[in-house]
Amino acid sequence: MSTPAPTREQDPVLFLGIDKETKVTETTPTILKSEYLAGGFLGSSDTLSILSHGNQNWASGVLSDSTIGSMLRDPEIYKSLTVIKNGVLGDGVNFTNPINQPIKIHELAPGEIESPERKTEREARNKQIERYNLAQKYTDFTTRAFNNLEVSIRDVLDDLLDALAYGNRVAEKVFEEKFDPEFSENLLYLKRLNVKPRKSTIFVTDRFSNLIGLKAFKKVKDEKGNEVLKETIIKKAKFAILTFGSKDNDPRGTSFLTSVYGAWHLKQQLWPEYIRWLIYSAVPPIVGYTSGETDSRKVLRDSNGELVTDANGQPVFESDVGALLAALTKVRNASAIALPFGAKVETLNSSVSGDPFKGFRDVVNEEIEMALLLQTLATSDSRHNTRAASQTHISILEELVWKIKGIVVEMISRMVEHLMEINFENFDKSLTPVASMGDTSRRDFAADVGSVSQLHISKFIGESQKVGIDRILGLPPRDAYSDREYEREQALDKLKMVEMAKILAQKELGVTTTQPTDTKNGDS
């Protein structure tokens, strides 16, 4: 029996009903570890789906590559894409140690007694330092591996960021073996990271739309020894894949230009009319008035120069309007013109300004900029708005740049994980170097510190909130134990200086005294 199933996106559709006796499957561990809802089609566990970049059109909701290429030549779209790229790539790519550098707890001087608490903390700290040093070796190697690229990672990312316009871009990783001086063995370094043409990238997914790899062709020999091309699937780890706007787990993504196609298309229709107006304004059309004089009429002659007559033998005269039109048409290519007596010629001066064209252009440009950059004041004219409004729009743009940076960093982080796995057996993932592309903009450190100082003076900041404050200021996390050790040593040094001053004063007075004792054994 069929039952209507209403949806929010479309009219009610019919689906096959389920018998009420049908058993409901419980969410057992086996169920939780498996996937069941196929991505739009049925098939066995071995069924694979091939996703290529076919020719689409705007009506289908997907822009074709040729249309996207034309749109990228639009100055406003190019400006918006360049603003985003510059914001994302402004700080480059850096790799940092995943472990905060621990502060070494110094050994006690001979004769000092170490408390059990201090000994436990010191041994644990030494192990942390060992892990930090190992993680730093991995971080330094990652930096060397990426710096080994024939084309810098910044230039590669600039190309890959065209995924914003196309939905996705793919780069293939090519490695080379080199001797690494720090690890004293041959390791795989990145040699090339070649961005591939979209017609060369064909994604392969399973029936649940999970990306398996990319389809490729390689030369093999058949049974007769002849070289033939054979299809093969290269796993996704071999590639750096940047996808934006993925829908239903589709690795092809969605172009961010889809929302501006309408405005861009209207803008293209504007230019022919604008050019026609410019021509009419620079070289206005001319209009002629025929003469009423009979002797100004011109008889028609044939190719032999003979008079053309009608059925009654009367000469045929050329139309006054036609003759004048022919003469005015030739004036564009002539410096002089002869007209019958009484004829008059004038220019049609257009008094219409080009403001409507400029206004329409500004409207479609604002629509494009609003859709791509989510604002207009941060990158366009803001003379009629306040500085606060401009700052708000800048913050909106920074949020967009921050989001895109996060997507790019995730891709680079996957590359780093793969680099560690192919070079170091049983690699501890907690030591994976952290990729970073900086903040959205340079923070005003002085202003931030001033604000924090005012809050601290007013006793508004609690002890538990200092960790968050350090993170906002970009400072490394506090080491409470080391801070206490430092304060203790500072206090001991001050006490020692006071005792030394007393000894010097007593010597000047001729009083004999003993040397100051080492107070590091006790607490001050």
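For clarity, every value in this text was computed on a predicted model and none was experimentally measured. (Residues numbered from 1 in each chain as written. Predicted model: local features only at pLDDT ≥ 70, side-chain atom pairs only at ≥ 80, totals over all residues. Heavy atoms only, no water.)

(A) Layout of the packing of helix H3 (residues 75–89) against helix H9 (residues 355–373). Interhelical geometry of H3 versus H9 gives an angle of 25 degrees and a closest axis separation of 10 Å. Relative to H9, the element H3 is oriented roughly parallel. Crossing hand, H3 versus H9: right-handed. Here H3 contributes Glu76, Ile77, Lys79, Ser80, Val83 and Ile84 to the contact with H9, which in turn contributes Asn365, Ile368, Glu369, Leu372 and Leu373. Residues that form the contact of H3 with H9 fall into these classes: six nonpolar, two polar and three charged. (Axes fitted to C-alpha atoms, helices over the stretch in contact; angles between N-to-C directions. Helix = DSSP H or I, 4+ residues; strand = E, 2+ residues; numbered from the N terminus. Parallel < 35°, antiparallel > 145°, perpendicular 65-115°, else oblique. Left-handed = near helix turned anticlockwise from the far one by under 90°. Contact = heavy atoms within 4.5 Å. Nonpolar A, V, L, I, M, F, W, Y, C, P; charged D, E, K, R; others polar.)

(B) Local environment of the pairing of strand E9 (residues 227–235). Of the strand pairs in this sheet, strand E8 (residues 211–221) and E9 are connected by nine bridges, and their pairing is antiparallel. Each residue of the ladder has a partner; that of Val220, found in E9, is Val228. Hairpin connection, E8 to E9: the antiparallel pair is bridged by five residues, and Gly225 has positive phi, about 85 degrees. (Pairing = 2+ DSSP bridges.)

(C) Spatial organisation of the sheet that holds strand E10 (residues 239–243). On the basis of which strands lie adjacent, the open sheet formed by three strands has the order E6-E5-E10 and antiparallel pairing. In this open sheet, the two edge strands, each paired with only one partner strand, are strand E6 (185–195) and E10. Across the sheet, the mean angle separating the axes of adjacent strands is 30 degrees when strand polarity is ignored. With five bridges joining them, strand E5 (residues 168–180) and E10 adopt antiparallel strand pairing. Paired with Arg169 across the strands is Leu242, a residue of E10. Running at roughly 45 degrees to E6, helix H4 (residues 116–147) makes contact with E5 and E6 of the sheet. Sitting on the sheet, helix H5 (residues 153–160) touches E5, E6 and E10, and the angle it makes with E6 is about 40 degrees.

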